[in-house]
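Descriptive analysis of the structure
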Amino acid sequence: MPSIYQMIQYLLQYGIKNSLLTNEDELYARNRIMSVLDLHEWKSSEPLEGKASIHDILDSILDFAEEKGLISDMTTERDLLNAELMTCLLPRPSEVIREFWENYAASPIQATDQFYSFSILSNYIRMDRIQKNRLWKTKTTYGELDITINLSKPEKNPREIARLKNAPSSSYPPCLLCPENEGYKGTLTHPARGNHRIIPLSINHEEWYLQYSPYVYYPEHCIVLKKEHVPMKISRKTFDRLLDFVDQFPHYFIGSNADLPIVGGSILNHDHFQGGRYTFAIEEAPITETFTFMNYPNISAGIVKWPMSVIRLSGAKEEVAEVTEIIWKAWQSYSDESVDIHAFSGDTPHNTITPIARRRDGLYEMDIVLRNNRTSDEHPDGIFHPHQELHHLKKENIGLIEVMGLAVLPGRLVEEMMTLSHYLVEGTEREDWQNDMLKHYDWYEDIRTRRGQQTSKAVEEIIQEEIGSRFLTVLEHSGVFKQTADGQQAFLRFMKKCMNEQKVGDI
């Protein structure tokens, strides 16, 4: 068993090797780590033999801290100390910012490559956990959808949940996205952010910040957040900001969640966008109907072949922003009872959009996803939201990431799908099912009716296909204009009406 001094020395060498600190910083960083671990003497030791990952070393140091009584075995306390140890190795924010913009002067790609790598090496992005996620693709008539079962957020045991319930709350930082998170030690109710760094940006002549998501659901999953703690709000400025961002970082896409409950993201109290360097299925989806806006003859516009209702614009930056605004404003007040779309209930608005910007072939491109958050007695969670029969897999909001074709499914499904596989192979009758599995029973019966009894060799692939098919249905439920003749005719009526009202063109 290596000594604590060997593990600390390994941590220091990791930092030097990966340019988190220099040789001149070693003694300083060592003393900071010793202080965190309440060590007052240093014992020189032989280097560790063999290969060890940084995550294994950190876990061993955390075990030492637990044995010493510095922390308990709670996952939250271990995470807090993990971040604090890594913080001892890291440069100040100003140094990270300076290096980012020096790299940007060479190329935007070089800047984001280095910053993304730094965010992984600093253990802010916990790749040891993210690599546990289950990932696969499902072929559909709309392209290949991405499916992930999220295992990167560790589950808490009942004892920890009880303790967290009674932990004091705090109003600082104001939310999980605020710039004040940078360097924050964390508490039992707020994650550690000591190893977190953000890059200041000027977007549309406003102060914003760039960071990466600690959970990176796809490559280089970034978050662009407003300096001020203000709520999400779609406006003309939103479109200008998105297009300005892809002007500065043309290798990234960027999008905004909708700004209304049910159809928005999980964080609506702080204005932010999400982007990254990944090609989602929505980007590869073709155009099925094209339009010409008379006042904007250089704008290519069309309906995208996608399970949700998407309009794609392509052209010059300013004109794309202007036509996006025209469509958004028309949609805000649009109702069509024949397809159950109502813009208002009294004074309560229901229509909004999920906009997504990217560069393609030198032009600016905007996907405008039409959203409506109205509920009904039949669908109390949302008419254009996954319906009740899909809640056994997904009942959370369908935000930007899902809209683009990536399902983020709960970690409980790993164990539940193993049990379901066993039931499908054995043909298990309902009375022999575990109670917590009964939510899947109707789905199980549907699979058996269509596919028959399964073999242990084929069942895993079949369940993956079935989950992908269910996610496609989730997206179809979320589309305001359905993929039917009536639904698509209604979509064309909306396009005609919004253009006629704005007197900007015709189909």
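Here we summarise the structure given alongside this text.

Each value, and the rule that gives it
Residues numbered from 1 in each chain as written. Predicted model: local features only at pLDDT ≥ 70, side-chain atom pairs only at ≥ 80, totals over all residues. Heavy atoms only, no water. Buried < 20%, exposed > 50% of the residue type's maximum accessible area, 1.4 Å probe, protein only. Helix = DSSP H or I, 4+ residues; strand = E, 2+ residues; numbered from the N terminus. Pairing = 2+ DSSP bridges. Expected span 1.5 Å × (residues − 1). Core = buried A, V, L, I, M, F, W, Y, C linked by side-chain atoms within 4.5 Å. Contact = heavy atoms within 4.5 Å. Axes fitted to C-alpha atoms, helices over the stretch in contact; angles between N-to-C directions. Parallel < 35°, antiparallel > 145°, perpendicular 65-115°, else oblique. Left-handed = near helix turned anticlockwise from the far one by under 90°.

Burial of strand E13 (residues 351–360) is extensive: eight of the 10 residues sit out of reach of the surface. The pairing of strand E6 (residues 253–255) with E13 spans two bridges and is antiparallel. Among the inter-strand pairings, Ile254 is bridged to a residue of E13, identified as Ala357. Bridge count between E13 and strand E14 (residues 363–372): 10 bridges; the pairing is antiparallel. In the strand pairing of E14, Pro355 is matched with Ile368. Here E13 folds back onto E14, and the loop between the two strands holds two residues, one of which, Asp361, carries a positive phi near 55 degrees.

What follows concerns helix H9 (residues 236–248). Compared with the 18 Å implied by 1.5 Å per residue over 13 residues, the 19 Å span of H9 between its first and last C-alpha is a close match. Most of H9 sits inside the fold, with 11 of its 13 residues counted as buried. Burial in H9 covers these residues: Arg236, Thr238, Phe239, Asp240, Arg241, Leu242, Leu243, Asp244, Phe245, Val246 and Gln248.

Counting 94 residues, the largest nonpolar core has Leu37, Leu370, Phe481 and Phe494 as the members making the most contacts within it. Apart from residues lying up to four places away in sequence, Leu370 is in contact with Ser309, Ile311, Trp331, Thr352, Ile353, Val480, Phe481, Phe491 and Phe494. Formed by 48 residues, the second largest nonpolar core is a distinct cluster that contains Ile149, Val310, Ile401 and Leu420.

Glancing now at the packing of H9 against helix H11 (residues 317–332). Geometrically, a packed helix pair is captured by the angle between its two axes and the distance between the axes. For the pair H9 and H11, interaxial distance at closest approach is 9 Å and the crossing angle is 150 degrees. As the angle between them shows, H9 and H11 are arranged roughly antiparallel. Seen from above, H9 lies across H11 with right-handed handedness. Across the interface between the two elements, Arg236, Phe239, Asp240, Leu243, Asp244 and Asp247 from H9 touch Lys317, Glu318, Val320, Ala321, Glu322, Thr324, Glu325 and Trp328 from H11.

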